[in-house]
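Architecture at a glance
Residues per chain are reported as follows:
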Amino acid sequence: MTAEATTEKARIGAPSIAGFTEEGEHLVASKVDRHHSHGTQVMASRAERLTSHDVADFALPNGREEEWRFTPVRELANLLSDAPSAAGALAVSVEAPAAVAQRTLRAGEAPRGATLVPADRAAVVASANAGDAQLISIPANAELDAPVRVVLTGNGAGLRSNSHVVIEAGANSRGVVIIEHDGSADHDGNVEILVREGAHLTVVSLQLWGDDAKHLAQHDAEVAKDAVYKHIAVTLGGKIVRLNSNVRFSGEGAEAELLGLYFADAGQHLEHRSFVDHNMPNCKSNVLYKGALQGKGAHTVWVGDVLIQKQAEGTDSYEKNQNLVLTDGCRADSVPNLEIETGLIEGAGHASATGRFDDEHLFYLMARGIPEDVARRLVVRGFLNEIIQQIKVPALEERLTEAVERELAAIDY
């Protein structure tokens, strides 16, 4: 990236931090239960949020609220209404190895509701109107020889649909779950993920919608002792997509990685928000989202929150967002937030950078006889491939690489 890029960085080591005590930065005045479910805001902290299953607790946003200020809420009336799915609006199919248990869950039937409590208007109306949830359960000690694939297909532009998916990875299991969204719809979707002790789970969420689709989503995960969780969001399609990915821990030694790739074309609004709640000691997290933008009116948003609670000693956390602006007329908003309540941590930091091509990289490639347009594609491909290669499913990696190539072929430099 060029010198136009803006970067914010911080790296903090334990336990002696200038300006800190063992009590941290004292960003929070009071200590209250953070995992409530009755719609009471407990802190002024940006990382805190109202959570509730009651639709009445969430007023219709007007775009002036902090959490909605980047989102084109005037175009989301259908998605924010307390309304059921239209008949035939969404088709759901599941492909899974034989070891995986599949069934539906009624509202209130465990493990549905074990970790996800709606945190905004879209999530609460989805929860209230989704009907039965789809359960994907990987048995304890199972090692899947193929990924689970859940496909949600919208059957018409403007048709309202609501969904709820529950993914449970049993103790010491290993598996990959791919959730794919395609077709056209106005879709509100919730996903909750339970990663039991010692399990390793990767969840890949693909937003490959048609150009007229709108999609609002909340994905919540709880990661148990010594478990490893990876969430990868890939957003290429849809007119408006807003995805909240949240994670908290239920035991020490757990690890979470939240990764994202997005490519916005003219007129697209692609918004990703992440929240890592370090509520247990000795856990690790890493957040990395990378995006590219091209075309007039292309708009991307990334808001990353990390909260290290007072009891979360030994935490190691880092978050970073990088955006590559390919043409004029684009806008990338990037907001990293880091809140620390204890100085007794291994490390914590954040970075954000947005810029155009690195001229030195282009010059290097062009000096070796590579045409400029090809050189530019190579730079973007390498920039985004860091996320794609984390999926570890060769067929899907190849498919997404081809999709990125199609995006790049459409650029008019």
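Small disclaimer: the values here were computed from a predicted structure and weren't measured. (Residues numbered from 1 in each chain as written. Predicted model: local features only at pLDDT ≥ 70, side-chain atom pairs only at ≥ 80, totals over all residues. Heavy atoms only, no water.)

1. Overview of helix H4 (residues 372–388)
With 17 residues, H4 extends 24 Å between its outermost C-alpha atoms, agreeing within 8% with the 24 Å of an ideal straight helix rising 1.5 Å per residue. Bending of H4 peaks at approximately 25° at the position of glycine 382. The complete set of buried residues in H4 reads Ala375, Arg376, Val379, Val380, Phe383, Leu384, Ile387 and Ile388. At its buried positions, H4 is contacted by strand S10 (228–235), strand S12 (255–264), strand S14 (284–293), strand S16 (316–325), helix H3 (359–366) and helix H5 (394–409). (Helix = DSSP H or I, 4+ residues; strand = E, 2+ residues; numbered from the N terminus. Expected span 1.5 Å × (residues − 1). Bend = angle between axes of the 7 residues up to and from the residue. Buried < 20%, exposed > 50% of the residue type's maximum accessible area, 1.4 Å probe, protein only. Contact = heavy atoms within 4.5 Å.)

2. Let's talk about the pattern of salt bridges
Applying the stated criterion to the full structure yields 19 salt bridges. Arginine 149 is paired through a salt bridge with glutamate 180; the nearest N and O atoms lie 3.1 Å apart. Here the residue arginine 149 occupies a position in strand S6 (residues 148–169), and glutamate 180 occupies one in strand S7 (residues 174–195), the gap between them amounting to 31 residues. Residue class for glutamate 180 comes out buried when judged on its relative accessible area of 3%. With its nearest N and O atoms 3.4 Å apart, the salt bridge here joins arginine 248 to glutamate 222. Within this pair, whereas arginine 248 is found in strand S11 (residues 240–249), its partner glutamate 222 is found in strand S9 (residues 214–223), the two being separated by 26 residues in sequence. Of the two residues, arginine 248 and glutamate 222, both sit in the buried class. Residues joined in a network through salt bridges with shared partners are Glu95, Arg149, Glu180 and Arg399. (Salt bridge = Lys/Arg side-chain N within 4 Å of Asp/Glu carboxyl O.)

3. Overview of the packing of H3 against H4
In the contact formed by H3 and H4, the axes pass within 9 Å of each other and the chain directions differ by 125°. What the angle tells us is that H3 and H4 run oblique. The interaxial crossing formed by H3 with H4 has right-handed handedness. Side by side, H3 and H4 meet where His361, Leu362, Leu365 and Met366 of the first sit next to Glu372, Ala375, Arg376, Leu378 and Val379 of the second. Classifying every residue of the contact of H3 with H4 gives six nonpolar, one polar and two charged. (Axes fitted to C-alpha atoms, helices over the stretch in contact; angles between N-to-C directions. Parallel < 35°, antiparallel > 145°, perpendicular 65-115°, else oblique. Left-handed = near helix turned anticlockwise from the far one by under 90°. Nonpolar A, V, L, I, M, F, W, Y, C, P; charged D, E, K, R; others polar.)

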